[in-house]
Amino acid sequence: MDTIWLVLALPLLGSLLCATHYRTLGKAATGMVASLAILGAFVASVQTAYQVQLRHEFTAHLSSWLHIPGISGLDFAALADPLSATMLCTVTGVAFLIHCFSMGYMADEEDYGRFFASLNLFVATMVLLVMANNLALMLVGWGGVGYASYSLIGFYRQKPSAVSAARKAFLINVVGDVALMFAIFIIATHCSTLEFKAFLQPDKLDLLGGDLILAGLCLMVGAYAKSAQLPLHTWLPDAMEGPTPVSALIHAATMVTAGVYLMVRCAPLFRFVHGQELLPMADDLNVIMMRFGAATALLAALCAIAQNDLKRILAYSTMSQLGYMFMAAGAGAYGAAIFHLVTHAFFKALLFLTAGVVIHALHGEQDIRKMGGLGKKMVGVQLAFLIGSLALAGIPPLAGFFSKESILLGVFGDGKSVEHELLWAVGILTALLTSYYTGRAYVLTFWAPAQHEGKLHYPSSSMTWPLAVLALATVAAGFGGHDLIQSIQGQAPPEESFGGLQLTALAVGVVGLGVAYSTHRSGRQRLVPEGADPYLRGCEAIDGLTKSLAASFRGFADKVAIKLDPVVSQVCPDLVRRSMLSTSTLLCQLQSGSLRLYSFTVLTSSTLLVLVVYFLSRFISGGGGQ
Amino acid sequence: MTEGMITLGLSAVLFAIGSVGVAIRRNPLIMFMCIELMLNSANLALATFSRYYSRVPETLPDSIELASSTDLGSATDGAVFVFLVMTIAAAEAVVGLAIIIAIFRTHKQVDADELAELKG
Amino acid sequence: MIFAAKCVMALLAVVSAFGVALSRQAVHSALFLTCNLLCVAVLYLLMSLHFLGAAQLLVYAGAIMVVFLFAVTVLAPEDELLGKWNDPQRLAGVAVGAVLGAFLLLANSTAPLLDLSSPDFGSLKQFASELFGKYVFPFEGTAFVLLVALVGVVLLGHRRLRDLDRGGPSRD
């Protein structure tokens with residue numbers, strides 16, 4: 001058995017242990033078990049990545065799982081290639097740090113066991129999603145992360161807002177699950193296999209014919225719901241109701257990137273080259289993906305400017321960065337997309353965890369207008385947040401700069417198409433907004449005059465060392481980009497000299513930060529006037545639209561229900577009762593106990609039977625031509 | 001009116017008489033005898049078919065050359081069934097009479113119209 | 001000759017059957033039933049089903065009738081008054097029975113009956129080879145049914161056991 005299965009088995013085992021033996025283990029041991037399970041999974045992932053280095057790629061079969069005649073590739077098997085190895089290492093690595101962080105962060109919680117059981121379950125399902133070698137098995141992980149996310153968003157189950165946020169996230173995720181299922185149906189009927197390596201071959205994709213665009217769209221809808229892209233993004237900001245480590249792990253570093261992973265995994269479908277030309281249909285899909293990605297990136301960044309809740313700012317920023325990744329995927333820069341995914345996992349997890357420390361320190365205060373003045377009191381935390389912010393804003397030599405740069409270059413392409421130039425411009429604009437809102441959050445939190453009183457709740461050491469590791473990773477990850485892109489894409493990224501494009505991006509980042517510093521240093525809370533808010537919050541408008549639609553539907557349903565309810569709840573049961581009563585009274589009379597009546601009944605019914613058989617046989621033989 | 005028709009018609013008439021007897025009599029013993037009559041008439045029909053109907057599939061071609069295929073059944077099939085029915089009838093008669101006697105012991109009388117304890 | 005004999009036997013069987021159904025005394029019914037069974041046995045013999053004829057005589061006319069007569073003497077039922085003929089239930093029974101008989105006759109009259117039997121039809125050898133060859137399992141089944149009936153009758157007739165079930169001493 002390959003070590004790759006340990007990556008799946010250990011978190012699953014940890015989850016079971018935490019769920020069942022929390023009482024006997026106690027708090028410290030539960031957290032230890034959960035973290036160690038993830039550490040083991042991380043080691044196994046690294047070992048898998050090493051094997052991939054040696055053997056390039058391999059498939060590990062565990063057992064056959066589903067048997068559907070006519071459809072192959074439904075085994076319980078793992079695919080290990082550079083893409084899945086990268087994802088596995090990122091997921092388990094970040095997850096391990098966040099588990100360690102959670103041991104300190106959740107120390108005061110009552111439901112410690114439930115939290116770690118869910119968190120481990122999430123890692124197991126995410127790993128299953130990543131390592132599945134066919135779409136059907138991936139769907140299992142896909143649904144599983146949806147469930148784990150649901151249970152973790154709604155972790156504070158006594159809070160109505162958390163519960164409704166969990167429900168919302170689950171519902172929208174199910175939209176994506178259903179879309180992915182439809183894609184599976186389409187691909188299974190046409191290609192008669194669901195294994196990635198099999199159905200992504202040109203001769204199989206040819207079988208899809210005109211349904212290629214349908215399959216691609218279904219895959220994209222599935223990815224959009226999971227990755228909070230327009231117009232299925234509304235669940236992500238609300239998901240911040242969950243504990244902060246959950247936001248860091250699930251809603252920043254790993255689960256939301258599953259959509260990007262799916263796009264990259266199915267890249268041949270979107271890059272289907274027919275003869276020499278890119279198939280027009282596939283090209284349409286790419287254009288849609290790029291435009292939606294750009295729109296998401298820009299609108300989410302605008303929305304982030306208007307937010308005051310620290311976690312919601314980061315949530316919108318996550319959406320925006322995911323938009324970048326989809327833009328890159330649409331432009332065919334898959335390596336850049338995965339590179340950004342990895343670096344984003346590091347620096348966004350770092351930012352979230354730091355935010356968690358800050359919120360912890362201020363006893364649950366999340367509004368950045370009520371923070372300030374923490375820079376001198378928590379120097380290390382402030383430094384960690386700064387590193388994360390600089391990476392997010394795209395300042396060299398931090399990881400974010402390189403990955404964002406490779407995406408922008410990928411989108412710009414050879415620069416011959418107006419469309420690509422426009423999209424690049426949107427990307428640059430988004431980068432400007434990104435550096436501004438990041439800077440605003442940083443400055444208002446740490447350098448503006450303090451807006452709070454009382455004692456600070458300083459973090460324990462188990463909470464700070466993961467920050468240090470993540471900060472280190474954020475600094476270092478940028479330099480591995482070239483190799484990563486090469487192993488994912490199969491070819492080296494184009495060698496670009498440090499030219500105008502990069503300089504623009506860098507300048508934009510610096511300008512954004514500068515504006516933020518100069519505006520908010522004094523404690524001023526807004527740059528844009530309040531009147532502009534409705535325009536900035538375009539993203540949230542969709543939420544309102546959904547709500548009003550639902551409200552109007554519910555109003556209609558209410559009216560119908562008020563009319564129908566008396567009928568259904570009173571008349572119908574009464575009718576049932578009466579009919580039962582009358583029927584039983586009637587049938588009781590048959591049970592007379594009189595032997596002669598019984599024998600007479602037998603005689604009559606057998607006579608009728610003879611009559612029926614006689615005439616039936618006459619009728620049948622008459623029809624037979626006698 | 002062939003020879004077989006006589007016994008076949010007789011079986012129909014006996015069956016009808018037996019059923020009427022079961023329907024109109026009050027004495028369970030006589031009802032029971034009528035049931036025996038019906039069983040016997042069914043036996044008679046089986047025996048008749050065994051004698052006159054065996055090996056005739058549906059319609060018969062002019063040159064009668066019947067295969068000895070076992071699928072069609074053999075001539076003695078019906079007779080064997082008559083024998084089996086007889087055996088079962090014997091068992092049934094013994095049990096039935098024992099029940100009637102048991103009822104008589106508890107009720108001191110045997111009248112079908114008086115036995116209505118199973119009224120629902 | 002055989003035809004005539006069959007006709008006479010059939011007539012006798014019908015008359016005795018009416019006797020079974022309409023006799024006021026149970027003993028008369030039993031005797032009429034014996035007569036009827038004997039007629040049918042003769043009919044079996046006339047159809048050259050010799051074994052069945054013999055079995056009919058032994059099992060029905062012999063064994064079963066003895067049991068019946070025994071029951072009649074044990075119970076000694078009073079003469080049953082047939083009552084008024086316009087009793088609606090009785091009339092309905094007769095009417096339905098008549099309809100049943102008529103339709104059975106009608107249905108039977110369409111049966112394509114042909115005498116195609118082989119020379120050794122009705123021979124004991126053929127019958128036995130069928131019974132113990134093809135039908136050996138049903139045959140064994142009837143043996144089992146007879147055994148069960150035996151046990152059942154013993155239980156029914158066991159007075160003390162019945163008293164135990166009723167939870168008290170016998171009342172008779």
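Check the entry above for the structure.
What to know about the overall build of chain A
Right, so step 1: Each helix and strand counted, chain A has 24 helices and four strands in total.
Right, so step 2: Buried residues in chain A amount to 54% of all 626 residues.
Right, so step 3: Long-range pairs, those at least 24 residues apart, make up 80% of the contacts in chain A between residues at least 6 apart in sequence.
Right, so step 4: Accessible surface for chain A amounts to roughly 26000 Å². Of this, 67% is attributable to carbon and sulfur atoms.

Points about the environment of A:Gly176
Right, so step 1: Take A:Gly176: it is sitting in helix 5 (residues 160-191).
Right, so step 2: When near neighbours in sequence (up to four residues on either side) are disregarded, A:Gly176 contacts A:Trp142, A:Val221, A:Gly222 and A:Ala225.

A short note on the interface of chain B and chain A
Right, so step 1: Contacts between the two partners involve 14 residues from chain B, matched on the other side by nine residues from chain A.
Right, so step 2: For the pair chain B and chain A, the interface holds zero salt bridges.
Right, so step 3: In this assembly, chain B and chain A are joined by zero residue pairs in polar contact (both at pLDDT 80 or more).
Right, so step 4: Considering every element that reaches the side of chain B that touches chain A, the biggest residue donor is helix 1 (residues 3-24) of chain B, with four residues.
Right, so step 5: Partitioning the side of chain B that touches chain A into residue classes produces eight nonpolar, two polar and four charged.

Things to note about empty space enclosed by the protein
All names here are of chain A.
Right, so step 1: If you walk through the whole model with that rule in mind, you get three cavities of 30 Å³ or more.
Right, so step 2: What the largest cavity holds in volume is close to 60 Å³.
Right, so step 3: As for the largest cavity, its lining consists of Ala 393, Gly 394, Phe 401, Lys 404, Glu 405, Leu 408, Ala 431 and Ala 505.
Right, so step 4: The leading source of residues in the lining of the largest cavity is helix 17 (residues 399-412), at four residues.
Right, so step 5: Residue composition of the lining of the largest cavity, grouped by class: five nonpolar, one polar and two charged.

Quick look at a nonpolar patch on the surface
All names here are of chain A.
Right, so step 1: Together, Tyr 147, Tyr 150, Phe 170, Val 174, Val 178, Met 181, Phe 182 and Phe 185 make up a nonpolar patch on the protein surface, roughly 680 Å² of accessible area in all.
Right, so step 2: Contributions of two or more residues to the nonpolar patch are made by helix 4 (135-153) and helix 5.
Right, so step 3: Ranked by residues supplied to the nonpolar patch, first place goes to helix 5 with six residues.
Right, so step 4: Looking at the secondary structure, you find Phe 170 in helix 5.
Right, so step 5: Residue Phe 170 is classed as partly exposed on the basis of its relative accessible area of 31%.

Quick word on the packing of helix 4 of chain A against helix 8 (residues 212-227) of chain A
Residues and elements named next belong to chain A.
Right, so step 1: Between helix 4 and helix 8, whose axes approach to 12 Å, the crossing angle comes to 25°. Judged by the angle between their axes, helix 4 and helix 8 are roughly parallel. Viewed along their axes, helix 4 and helix 8 form a crossing whose handedness is left-handed. Listed contacts from helix 8 to Trp 142, Val 145 and Gly 146 of helix 4 are Gly 222, Ala 223 and Lys 226.
Right, so step 2: Tallied by class, the residues present in the contact of helix 4 with helix 8 amount to three nonpolar, two polar and one charged.

Observations regarding the packing of aromatic side chains
Right, so step 1: Evaluated as defined, the whole model comprises 25 aromatic pairs over all chains.
Right, so step 2: Taken together, a centroid distance of 6.3 Å and an interplanar angle of 20° make the contact between B:Phe83 and C:Phe139 stacked. One end of the pair, B:Phe83, is in helix 3 (residues 77-107); the other, C:Phe139, is in helix 6 (residues 136-157), on a second chain.
Right, so step 3: Aromatic ring contacts, followed pair by pair, group A:Tyr112, A:Phe115, A:Phe116, A:Phe155 and A:Tyr156 into a single cluster.
Right, so step 4: Here A:Arg265 stacks its cationic end above the ring of A:Phe196, 5.7 Å away from the centre of that ring.
Right, so step 5: The ring of B:Tyr52 carries the charged tip of B:Arg51 above its face, separated from the ring centre by 5.2 Å.

Some details on the pairing of strand 2 (residues 76-80) of chain A
Residue and element names in this part refer to chain A.
Right, so step 1: The element strand 2 is extensively covered by neighbouring structure, given that five of its five residues are classed as buried.
Right, so step 2: On strand 2, burial covers both faces: Phe 76, Ala 78 and Ala 80 on one face and Ala 77 and Leu 79 on the other are all buried.
Right, so step 3: Direction of pairing for strand 1 (residues 58-63) relative to strand 2: antiparallel, over a ladder of five bridges. Each bridged residue has a counterpart across the sheet, and for His 61 the counterpart in strand 2 is Ala 77.

Things to note about the environment of A:Phe600
Right, so step 1: The residue A:Phe600 is located in helix 24 (residues 595-623) in this model.
Right, so step 2: Once residues within four sequence positions are removed from consideration, A:Phe600 is found in contact with C:Ala92, C:Gly93 and C:Val96.

What counts and how
Residues numbered from 1 in each chain as written. Chains lettered and ligands numbered in written order. Predicted model: local features only at pLDDT ≥ 70, side-chain atom pairs only at ≥ 80, totals over all residues. Heavy atoms only, no water. Helix = DSSP H or I, 4+ residues; strand = E, 2+ residues; numbered from the N terminus. Buried < 20%, exposed > 50% of the residue type's maximum accessible area, 1.4 Å probe, protein only. Contact = heavy atoms within 4.5 Å. Areas by Shrake-Rupley, 256 points an atom, 1.4 Å probe, with all protein chains shown as cover. Salt bridge = Lys/Arg side-chain N within 4 Å of Asp/Glu carboxyl O. Polar contact = N/O pair within 3.5 Å; in protein donor to acceptor, adjacent residues only side chain to side chain. Nonpolar A, V, L, I, M, F, W, Y, C, P; charged D, E, K, R; others polar. 1 Å grid on protein atoms, 1.4 Å probe; cavity = no way out; pocket = protein on both sides within 12 Å on 5 of 7 lines; lining within 4 Å. Points joined across faces, edges and corners; volume = space filled by probe spheres on them. Patch = residues over 30% accessible without salt bridge, like charges linked within 9 Å, V, L, I, M, F, W, Y side chains within 5 Å. Axes fitted to C-alpha atoms, helices over the stretch in contact; angles between N-to-C directions. Parallel < 35°, antiparallel > 145°, perpendicular 65-115°, else oblique. Left-handed = near helix turned anticlockwise from the far one by under 90°. Phe/Tyr/Trp six-rings, centres within 6.5 Å; stacked < 30°, edge-to-face > 60°. Lys NZ or Arg CZ within 6 Å of the ring centre and 35° of its normal. Pairing = 2+ DSSP bridges.

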